[in-house]
Amino acid sequence: MKRLLTVCFAMLITVSIMLTGCGTTIVERELSCYRGEEEKPDGSILYNTALFYDNEVQQGFPDPQVLDDTARSGYYYLYGTSSGFFTMRSKNLTEWENVGPVFNQSQTKEVERCTSAHMWAPEVVYEDGTYYLFFSATPEADDSIDEAAAGVAGVGLYNIYVATSSKPDGPFTMVNFKDENLPEKTRHDFNTETNVEITEEQALSGEYAYVKEDSEYYKAAFPHYFAKYCLFSPDELSKVLQRRGVTAGSSEKPNALYWGCIDPHPFVDPRNGDKYLYFKVEPDTFSFNLIMYVKMTDWLTPDWTHSDYLIMNGYYTLADWENDENKGVSYEQTVVNEAPCMLYHEDANGTGKFYLTYSVNDATSSNYQVCTAIADKPDGPFRKLTEEEGGRLLTSITTESMTVSGTGHHSFMTIGDQLFIIYHRHKDYSAGGTDRYTAADEVKWITVKDKDGADLDVPYVNGPTDSIQPQPAAFSGYKNIAGEANITASGAQNLDAVTDGLLSIHKTANETFMSYIPETIIASTTTFTFEFAEARNARAVMIYNSAFEDFVFRNVSRIEFLLADGSTRVVRDVTFDIKHNGETGGADGNSLLLVKSGAAAFIEFYDINVKSVKVTVDVPEGQESVGISEIRILGK
C-alpha cells in the first residue's frame, strides 16, 4: 500500500495556462491522483483497500452468514458451508481473515455420526452470553432401526441441529435434547417404542405422528441414535407436516417424516423481540420445496403451536398452492425454494413490512438467484413479488454477465447507515457447480407500484458487481456526498439518476422494473456541476458507466475542483478502463462486446476541501449518446 500511495500521490504539479480575455490570466494546477494504472501480479487493478473493494477477490465460503459481533469483539464473523465449519472475521465486511474451525473436535463418536455428511449453511445468533449455531447435516445411517416396525427410515436426510458456545469462534458443542440439565420445556419427549397401535381417528386428529401399515395406524417411533440431537423434536415436526399432507412413502402407506430440513435462519422481530426460525423442507422425493417457520420460545425451544408453511415453489402465494391454482412463477425454473432470510423495513409513512428473501433454481447453475416475498407479519401470509415489482433481488442472468453466476444463498448486514447483502457466487463462471465464494454489494430501498397500483418499498441490490466499489463508509470514513450538492448539467436527461444511489446493472430485466433505475443520458460532451453550500472534504470521484455496451463512455475529459481557498485543481482525460472492466473485439478489434456490472472510471487523491466539482464526460465519436449510472464523490 505504501508503494501505491507513493506512485499515486506525488506532489502537486503546477501547470500555468495563460488565457487572454479581458486581461485575465487563469492559473490551473493539475491535481496529482491515482487512476488505477497499476496492476497486481495477477493482472487485476491495484487499488487502495482502505477506500475500495472488489468482488473479484475470492474469499469466504458458500452459504455465507455474517454475525455482527462488533459490540463485543470488534469484528464481524462469517460462517458458511465447509468441512467441520470454519469461520472468518472482518472489520469491514469486505476483507476476511481466517479464524479456524468452530465445531468442537473432541465430541463423542455419536455426535460425529450425527454430522457425518452434508454439514450445510450454518447461522449464528447471540443472546445473553451464548452463541447459538444452527445448521443442517446428514447423519450416518442407523442400521439398528427396523423400519417396518418404526415406520421411519434409519437414515435422516438433512437434520437441523444446534450447538452452543461462549465465543463467536467456538468451540461449539452440540445440544442433546434428552439432557436432563436442560429445562423441562426444552427437553424432547418423543415416542421411541415401536408397534404402538392407535385408532384412525387419533392418527388423523393431528395429535400424533403416525405411520400406517395396511389398514392399521401406529404411533411413529423414533429410536434413532441421532433423534435426540435434532433441534426439532421428531414427533412434533412430523405432526406439523402431516397436518399439511406431507409424509414419506405413498398416499396408501404414509409414514411420518421429520427430516429433509436445511438452511435454518434465526430472526428477531425488531418491533417486539419475538424469535423465529425459518427453514426449508425438502422431502426425500424432491418433488417440491417449501419454506416454513416456527416461533421460538427461546433459541432451544420451538413453539409448535405457532408453525406453518410460508411459501411453496411454483406459486406466488400459499393460498394458490392450497387451492391448486395460478401455478407458475416466472423466475422459478426448478422446484427449489431455499435459503430463507428475513428483513424488516418501514416506509416513509412508518408502515412496516417483512421481506422474506430466498434462493431459487439449481445452486450449481448460473440461474441460481435471490428473490423476494412480502408480508405484513413475520408469520405471513407472504406473497412473492412479480418481476415488475422487483421479485428478482439478486441475479446475474439479467446482467448478461460473462464473469458472475450463481448469486444465491445470502444474509444481510447493516454497517453504519448502509445495508449490504453478503452472498455466494461461483468461483468459475463457466464451470458453475459447488465451488463458490463470498461477495458483498450494497442494498438500497426504492418505491415501486405494486400489482394493485399502490406504492411499495422493495429492496434493490447494486449488484452483482465485478468491479471496484467503495468500502462501507463506516469503515473508510468516506461517504458519497454527491447527492448533497446542487447539481446542474445542460441537456442531460434524467439528471436525478446520476445521484439516486442506484447502479444500472441489468440489461434484460423486466422493463417496468428497469424504469425505476434509469440512467442519465447525454447526447454530446456534457459537464456535470456539483456545488456545495459549504466546502466539503473530498477524496475520490467515481463515474459509473452505462450497463449497455452501446451507451458506454470511453473518456472523462476533465474533472475540475474549486477549492475553499478559491484556487482550482484539474484532472484531465480519465479513461474508462476497458481492459479490466470490459471486453473488446469485432472487425476493428475496438468494438465493446462486454462491460462489467457496476464498473466506473475513478480517481483517488489526497484529501482536498472543495466548494464545487465539475465532471465533463465525452460522447465517443460515432455514438449517439452515453448513459451514466452514477457520479459519486467520496468525501466527508
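Residues numbered from 1 in each chain as written. Predicted model: local features only at pLDDT ≥ 70, side-chain atom pairs only at ≥ 80, totals over all residues. Heavy atoms only, no water.

### Here we look at empty space enclosed by the protein
Rule in force here: Space inside and on the surface of the protein is sampled on a 1 Å grid over the protein atoms alone, with a cavity defined as a set of points where a 1.4 Å probe fits but cannot get out and a pocket as an open set with protein on both sides within 12 Å along at least 5 of 7 lines; lining residues have an atom within 4 Å of a point. Grid points are joined across faces, edges and corners, and a volume is the space filled by probe spheres set on the points. Each residue is assigned to one of three groups, with Ala, Val, Leu, Ile, Met, Phe, Trp, Tyr, Cys and Pro labelled nonpolar, Asp, Glu, Lys and Arg labelled charged, and all others, Gly among them, labelled polar.
By the definition in use, this model includes four cavities of 30 Å³ or more. Every residue lining the largest cavity is counted, 13 residues in all, and those nearest its centre are Gly390, Arg392, His506, Ala509 and Phe513. Split by residue class, the lining of the largest cavity holds five nonpolar, six polar and two charged. Computed from the structure, the second largest cavity encloses a volume of approximately 80 Å³.

### Regarding the packing of aromatic side chains
Selection criterion: Two aromatic rings, drawn from Phe, Tyr or Trp (for Trp, its six-membered ring), form a pair once their centres lie within 6.5 Å of each other, and the interplanar angle then sorts them: stacked below 30 degrees, edge-to-face above 60, tilted otherwise. Helix and strand definitions here come from DSSP, where helices need a minimum of 4 consecutive H or I residues and strands a minimum of 2 consecutive E residues; each element is numbered from the N-terminal end. Only protein chains enter the accessibility calculation, which uses a 1.4 Å probe; a residue whose area is less than 20% of its type maximum is buried, one above 50% is exposed, and one in between is partly exposed.
Counted under the stated rule, the structure contains 26 aromatic pairs. Taking the centre distance of 5.8 Å and the plane angle of 45° together, the rings of Tyr309 and Trp321 count as tilted. Of this pair, Tyr309 sits in strand 20 (residues 301–312) while Trp321 sits in helix 6 (residues 318–323), and the two are twelve residues apart along the sequence. Taking relative accessible area as the criterion, Tyr309 reaches 3% and is therefore assigned buried. With a relative accessible area of 23%, Trp321 lands in the partly exposed category.

### Comments concerning the nonpolar core
Condition: Among the buried residues, those of types Ala, Val, Leu, Ile, Met, Phe, Trp, Tyr and Cys that are joined through side-chain atoms within 4.5 Å form a nonpolar core. Note on definitions: a residue-residue contact is assigned when non-hydrogen atoms from the two residues lie within 4.5 Å.
Phe530, Ile543, Ile559, Phe561, Val615, Val617 and Ile628 are the most contacted members of the largest nonpolar core, which has 42 residues in total. Among the elements that take part in this core, strand 39 (residues 600–617) stands out by supplying eight residues, more than any other. Beyond its immediate stretch of four places on either side in the chain, Phe530 contacts Ala482, Ala485, Asn486, Ile487, Thr499, Lys611, Ser612, Val613, Val615, Ile631 and Ile633. Within the second largest apolar cluster, 39 residues are counted, among which are Leu502, Ala540, Tyr544 and Phe602.

### A look at the pattern of salt bridges
Should the charged atoms of two oppositely charged side chains come close, the side chains can pair. Short version of the rule: Just to be clear on terms, a salt bridge is a Lys or Arg side-chain nitrogen sitting within 4 Å of an Asp or Glu carboxyl oxygen.
The final tally for this structure, using the stated rule, is 31 salt bridges. As a salt-bridge pair, Lys384 and Glu332 come within 2.7 Å of each other at their nearest N and O atoms. With Lys384 in strand 24 (residues 383–384) and Glu332 in the loop between helix 6 and strand 21 (337–346), the pair connects residues that are 52 residues apart, well separated along the chain. Classification of Lys384 as buried rests on a relative accessible area of 0%. Judged by relative accessible area, Glu332 falls into the buried class, the value being 10%. With a closest N to O distance of 2.9 Å, Asp466 and Arg425 form a salt bridge. Placement of Asp466 in the loop between strand 29 (455–461) and strand 30 (468–470) and of Arg425 in strand 27 (residues 418–426) is noted, with a sequence separation of 41 residues between them. Arg425 carries the same exposure label as Asp466, and that label is buried. Salt bridges here are not isolated pairs; linked through shared partners, they connect Arg244, Asp308 and Glu322.

### Some remarks on the pairing of strand 9 (residues 130–138)
Spelled out, the test is: Strand pairing requires that DSSP identify at least two bridges connecting the strands.
Of all nine residues that make up strand 9, eight are buried, and the element is covered over most of its length. The pairing of strand 8 (residues 117–127) with strand 9 spans seven bridges and is classified as antiparallel. Counted as the bridge partner of Trp120 is Ser136 from strand 9. The turn linking strand 8 back onto strand 9 is made up of two residues, and Asp128 within it adopts a positive phi angle of 50°. Relative to strand 10 (residues 159–165), strand 9 runs antiparallel, the two sharing seven bridges. Its bridge partner being in strand 10, Ala137 is matched across the sheet by Asn159.

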